[in-house]
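Listed here are the chains, written in short residue letters.
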Amino acid sequence: EAWMGVSTMSGSPPNGYVSGQVAEHLTFGLDGANNRAVAASQDSAVGPLQQNYVLQDGSHSQGPSNRYDSVSAPAVGGAG
């Protein structure tokens, strides 16, 4: 997780997005090989937005790999 625009960080970090305490809250979901599987962000203007990452699998013409086959455009959704 990352908190962008935090003016102070004393004690424990905010629990998710808290308007007035952070400018933007980012979360990343990783698969077993530490590849990004999902990214979610939330700020005061829009949110939460979610972006999904899909790795190449056996059905891809190059075969399975650690490369991303597709990355979705950010869309309104829940934190992943």
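How each quantity is defined
- Here, residues in each chain are numbered from 1, in the same order as that chain's written sequence.
- This being a predicted model, a pLDDT of at least 70 is required before a residue's local features are given, and a value of 80 or more before pairs of side-chain atoms are given or counted; all residues contribute to the totals for chains, interfaces and linings.
- As a rule here, side-chain values cover all heavy atoms of the structure and leave hydrogens and water aside.
- Helix and strand labels come from DSSP, where a helix needs a run of H or I of at least four residues and a strand needs a run of E of at least two; each type is numbered from the N terminus.
- Think of it in three bands: with a 1.4 Å probe and only protein chains considered, a residue is buried below 20% of the maximum accessible area for its type, exposed above 50%, and partly exposed in between.
- Residues count as neighbours in contact if any of their non-hydrogen atoms are within 4.5 Å of one another.
- Here the accessible surface of atoms and residues is derived via Shrake-Rupley with a 1.4 Å probe, and residues count as covered only by protein chains that are part of the display.
- Between the rings of Phe, Tyr and Trp (Trp by its six-membered ring), a pair exists once the centres lie within 6.5 Å; its type follows the angle of the planes, with under 30 degrees stacked, over 60 edge-to-face, and the other angles tilted.
- What qualifies as a polar contact is a pair of N or O atoms within 3.5 Å, subject to a donor-acceptor requirement within protein and to the restriction that residues adjacent in sequence count only when both atoms come from side chains.

A. Quick peek at the overall build of the protein chain. Secondary structure summary: the protein chain contains zero helices and six strands in total. The secondary structure elements of the protein chain, listed N-terminal to C-terminal, are β-β-β-β-β-β. Put simply, the protein chain has 80 residues, and 21% of those count as buried. Long-range pairs, those at least 24 residues apart, make up 23% of the contacts in the protein chain with a sequence separation of at least 6. Accessible surface computed for the protein chain: about 5200 Å², of which carbon and sulfur atoms make up 50%.

B. Main features of the packing of aromatic side chains. In the structure shown here, the tally under the stated rule is one aromatic pair. Taking 5.2 Å as the distance between ring centres and 55° as the angle between the ring planes, the aromatic pair formed by Tyr 53 and Tyr 68 counts as tilted. Remark: Tyr 68 occurs in strand 5 (residues 68-71) and Tyr 53 occurs in strand 4 (residues 49-55); sequence separation between them is 15 residues. Residue classification places Tyr 53 among the buried residues on the basis of a relative accessible area of 16%.

C. Summary view of the environment of Tyr 53. Residues Tyr 53 and Ser 72 lie 19 residues apart in sequence; the distance between their C-alpha atoms is 6.6 Å. Here Tyr 53 is in contact with Arg 36, Ala 37, Val 38, Ala 39, Tyr 68, Ser 70 and Val 71, once residues within four sequence places are set aside. Side chain to side chain, Tyr 53 and Arg 36 meet in a polar contact 3.4 Å long.

D. View of the side chain of Ser 41. Checked against the element boundaries, Ser 41 lands in strand 3 (residues 36-43). Classification of Ser 41 as buried rests on a relative accessible area of 18%.

That is the geometry; function is a separate question.
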